Amino acid sequence: MKEQKRRKVNNFGVRNAGLETSCDQISHGPSPSLELEGQGPPKGRCTKSGGRKSSHQIVPATRGRGRSAKKPPEVCILPLITADQYASRSAMLSSLVVAWSPLLKLSSRICGAPEINSSICFSLLAVGSKSGKISFWRINVPEYYSIEQSLAPTRVELIGILKAHSSWVTAISCALLASDSSTPQVLLATGSSDGSVRIWIGHGEEFLKSTEVNNAPFYPLKEIVNIYAVPVSVLSLMPTQSLHKMLLAVGRTSGAIEVWMGDASVKTFDKAGPYDAHDQVVTGLAWAFDGCFLYSCSQDNFVRSWSLRGSSLSEMPIPSSSPGLRSVSDMPDVFISCLGLVVSPSNLAVAMVRSFDVNQLDHMYEARLQKAAVEFFWIGGHQKDILSNTSLEFDIEPLPGFTEKELVYWESNILWSLKQYEHWDKPLVIWDIVAALLAFKWSAPDYVDHVLVKWLSSSYVDVHVERSIGKVLPHVCKSFCKAASRQLHLLNIICRQVILPELKADEINSNLLNFTVDNPNFAQDKQHKLWMDLLSRSEKELRERLVGFSFSAYRSFTSNSATTSSEPGYWYPFGMAQMEQWVANNNHQVHDQLKVVATEIKTCKRSRCIELAEEDKEQCSYCSAPVPFESPEFGVCRGMESNGSSGQKHKLARCAVTMQVCPITPLWLCKCCQRWISKLAPESLFKMPQQHCLDYKFSPEPSSIKVASKPQCPFCGILLQRSQPEFLLSPLPV
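By the naming in an unreviewed UniProt entry, the chain goes by Transcription factor IIIC 90kDa subunit N-terminal domain-containing protein and is assigned to Gossypium barbadense.

Structure, rendered in structure tokens:
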């Protein structure tokens, strides 16, 4: 009897499935019920033979003991796709490589935006896949950065898909082309597993107007076909300083590299190579010093340096002498492969990712934890320019491991790197310059002084002076009113991180409040006092610019009825009372033009019936006691009176921008000067060019005053960070 029941269940096979069919389910697609060979379709199914009904009846499954019946599947109303469409979308989801473009900035005139002085900033994300297609995504820069809101509004949009190759896309590289066009032009290089390389160009305004997803706004410039079909493993594209010129380095899985020199205006390309650079796959390529050098790494665990002279590539030895580091021979041989490399922002160092040799690690714990390491080596000793019989202009004690020519190359490369940062649009990231100068300072302080004197003389001093720190620094102080804000930011970082590294930032800030060269409390040598005086005057100049701009903007806002202070992204001057008090406290040091504007602000307030006494009052965030303004760096409350005696006093940080007491909310922090910021500075402060005029009577339009596009310190110019506990990892920006 049991055998007969088991046979019955196996014949129909629907009791265990627990499924029901209906005409509605059948009309939308195949039924999930089973149809056995030799038997007709289930009841209710329409057939091609006239719709005969089957004699078999579908019986609902009964609920078993302890088991609930399965719910019938929901009907899918999504449109069906073909097999080719499914294969294409599956290939697009199989992404192999991604690449970011540099930041693109388009003015409102080109974009058609209603605001006159506005601009649109965005980057492109290129995603290559196995299908040979590349999808491009436009990611807009946030309109503003807020410390209170963790999620700034961003916009991401798919602007197009490019059929770049007929095989897998294995490498992508993007760069901005230096051209005389008013709109930025993006260069795109793509490599494939079939060995082909293609170079494309796109125009900035088309990335905003692109509406056809299947037609990305890139146009072909050049196609490079490898006759041996060796797959491309890595690409490095770099525009040169010459208009429409570019350099492209191609690395292949065979270990060979080749260089292409192109001109986008006439679409001509010259080839250098191929060169048998490595024995295994080339995993990294990076240009340095505007295309003078090319660095390559491979799975064979070698890093090589190449010099491009004209149209030929020649290998050069990597300098073995490194300031403050051990030589390569002293490093333990625990690496087995190089996975990639990148050149530092100032082109003085190279960082490469290397994988460990498991056999050289302790299998107890190292083999489980250590996967890869980042190794740095210096490249500042390379000969960038062809120099003949060049020697140092002064005598110093010979440094161990350094020849005189290598010191000359280091000096030339450091000065070249510092010169690149004078443009405000370049992010101020100079940790490699600081690290190199510090390393030289411990062994050869006279050499560092010589390099800094050359830099200060060429950037700040117009007249010829004696080449010594004591003679140059006084002349530099006199030229601050004509220096660009970026030059002052760069000088402040060098003073704090290189000249005075043994002093803490808080100690420096407190000494700068009332610093004079003759101050006996600052027990340092004469040269250190000169540097402290230089730092004090530089920061005072920046603070005067910020105060003067705030006064002018405040007057413009009060005279304009349509204020934009409440709109996010716009800048509004705060802390007028504190700034007026600061001008009054430093009346003997500030410029006369600033004193005149401060007097006009007081007159403007009285005409608008603003109570100055009420505005001057600040309260402690802890005890609500009044906080008088005595210093722009911090404030000390008077303490709440209790039983006739004053209570505990609290020391409160002041905002470096507004000089107001910082609230108990998340704040921005500068890792260089250790100042706190609650309100960001206007972008105009960082754009003040050379030969700055001290006339603070200009009246900027309210619609043109915006917060800086990035949170930056008004005294150091570096990116600010959100305050976080000390035990968390925090990258140092300088």
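## Considering the overall build of the chain
Helix and strand counts for the chain come out as 17 helices and 27 strands. Here the chain holds 734 residues, and the buried ones make up 48% of them. Taking all contacts inside the chain whose residues are at least 6 apart in sequence as the whole, residues at least 24 apart take part in 59%. By element, 52% of the accessible surface of the chain is carried by carbon and sulfur atoms, the whole surface being about 39,100 Å².

## Things to note about the sheet that holds strand β27 (residues 721-722)
Ordered in space as β26-β25-β27, the three strands form an open sheet in which the pairing is antiparallel. Only two strands of the sheet have a single partner each, and these edge strands are β26 (676-677) and β27.

## Brief notes about helix α12 (residues 505-512)
Within the sequence span of α12, burial applies to A505, I508, N509 and L512. Around the axis of α12, the buried residues are gathered within 100° of arc, so they sit on the same side. In this structure, the buried side of α12 is in contact with α11 (485-499) and α13 (526-559).

## Some words on the confidence of the model for the chain
Averaged over the chain, the pLDDT score is 78; the fraction of residues at 70 or greater is 74%. By mean pLDDT, helix α2 (residues 23-28) is the weakest element of the chain at 36, and strand β14 (residues 282-288) is the strongest at 96.

## Re the sheet that holds strand β10 (residues 232-239)
Spatially, the four strands line up as an open sheet ordered β10-β11-β12-β13, and their pairing is antiparallel. The open sheet has two free edges, formed respectively by β10 and β13 (268-276), since each of these has just one partner strand. With direction set aside, neighbouring strand axes in the sheet form an average angle of 15°. Bridge count between strand β12 (residues 256-263) and β13: seven bridges; the pairing is antiparallel. Residue pairing across strands places A256 opposite D276, the latter belonging to β13.

## Notes on the pairing of strand β4 (residues 133-140)
In terms of burial, β4 is largely enclosed, as six of its eight residues are buried. Relative to β4, strand β3 (residues 119-129) is paired through seven bridges, and the arrangement is antiparallel. In the sheet register, S123 faces β4, and the bridge partner there is I139. As consecutive antiparallel partners, β3 and β4 are separated by three residues, and within that stretch G132 has a phi angle of approximately 90°, a positive value. Both β4 and strand β5 (residues 156-163) contribute to a ladder of seven bridges, which runs antiparallel. Paired with F136 across the strands is G160, a residue of β5.

## Thoughts on the packing of α13 against helix α14 (residues 576-585)
Direction vectors running N to C along α13 and α14 enclose 130°, while the axes themselves pass 11 Å from each other. If you check the angle between α13 and α14, you find them oblique. Relative to α14, α13 is oriented so that their crossing is left-handed. Contacts from R543, E544, V547, S550, F551 and Y554 in α13 reach M576, M579, E580, W582 and V583 in α14. Residue composition of the contact of α13 with α14, grouped by class: seven nonpolar, one polar and three charged.

## Description of the packing of helix α8 (residues 431-443) against α11
Direction vectors running N to C along α8 and α11 enclose 40°, while the axes themselves pass 10 Å from each other. Between α8 and α11, the angle falls in the class oblique. Regarding α8 and α11, the two cross each other, and that crossing is right-handed. For the pair α8 and α11, the contacting residues are V434, L437, L438 and K441 in the first and I493, I494, Q497, V498 and I499 in the second. Taken together, the residues of the contact of α8 with α11 break down into seven nonpolar, one polar and one charged.

## Focus: the side chain of N140
Along the chain, the position of N140 falls in strand β4. Once residues lying within four places of it in the same chain are set aside, the contact partners of N140 are C121, F122, T154 and R155.

## Things to note about the packing of aromatic side chains
Taken as a whole and judged by the stated rule, the model has 15 aromatic pairs. Centre to centre, the rings of W410 and F440 are 5.4 Å apart; their planes meet at 75°, and the pair counts as edge-to-face. Pair noted here: W410 is in helix α7 (residues 404-420) and F440 is in helix α8, with a separation of 30 residues, a long-range link. For W410, a relative accessible area of 1% translates into the label buried. A ring pair is formed by Y460 and F480, whose centres lie 6.3 Å apart and whose planes are at 80°; its orientation type is edge-to-face.

## Digging into the environment of A99
Here A99 lies in strand β1 (residues 95-100). Put simply, A99 and V127 are 28 residues apart on the chain and 6.8 Å apart in space, counted from C-alpha to C-alpha. The contact partners of A99, leaving out residues within four places of it in the chain, are L124, L125, A126 and I172.

## Some points on the side chain of D449
Checked against the element boundaries, D449 lands in helix α9 (residues 445-459). Apart from residues lying up to four places away in sequence, D449 is in contact with I469 and Q527.

## Considerations on the pattern of salt bridges
It is possible for side chains of opposite charge to pair when their charged atoms get near one another. What the rule picks out here adds up to 20 salt bridges. Across the pair E539 and R675 runs a salt bridge, and its minimum N-O distance is 2.8 Å. Note that E539 is positioned in helix α13 and R675 in the loop between β25 (668-669) and β26, a separation of 136 residues in sequence. For the salt bridge of R545 with E541, the shortest nitrogen-to-oxygen distance reads 3.0 Å. In this pair, R545 and E541 are both assigned in helix α13, four residues apart and thus about one turn of the helix distant.

## Looking at the environment of H278
Relative to the elements of secondary structure, H278 occurs in the loop between β13 and β14. What makes H278 buried here is its relative accessible area of 5%. Note: C-alpha distance between H278 and S296 (18 residues apart in sequence) is 8.8 Å. Those residues in contact with H278, other than ones at most four positions away along the chain, are S254, G255, S296, C297, S298, D300, F302 and R304.

## Concerning unusual backbone geometry
Here G273 and P274 are connected by a cis peptide whose omega angle stands at 10°. Tracing the sequence through the fold places P274 in strand β13. In this model, Q674 sits at a positive phi of 60°, which is unusual for a non-glycine residue. By secondary structure assignment, the location of Q674 is in the loop between β25 and β26.

Analysis parameters
Residues numbered from 1 in each chain as written. Predicted model: local features only at pLDDT ≥ 70, side-chain atom pairs only at ≥ 80, totals over all residues. Heavy atoms only, no water. Helix = DSSP H or I, 4+ residues; strand = E, 2+ residues; numbered from the N terminus. Buried < 20%, exposed > 50% of the residue type's maximum accessible area, 1.4 Å probe, protein only. Contact = heavy atoms within 4.5 Å. Areas by Shrake-Rupley, 256 points an atom, 1.4 Å probe, with all protein chains shown as cover. Pairing = 2+ DSSP bridges. Arc of directions from axis to C-beta. pLDDT = per-residue confidence, 0-100. Axes fitted to C-alpha atoms, helices over the stretch in contact; angles between N-to-C directions. Parallel < 35°, antiparallel > 145°, perpendicular 65-115°, else oblique. Left-handed = near helix turned anticlockwise from the far one by under 90°. Nonpolar A, V, L, I, M, F, W, Y, C, P; charged D, E, K, R; others polar. Phe/Tyr/Trp six-rings, centres within 6.5 Å; stacked < 30°, edge-to-face > 60°. Salt bridge = Lys/Arg side-chain N within 4 Å of Asp/Glu carboxyl O.

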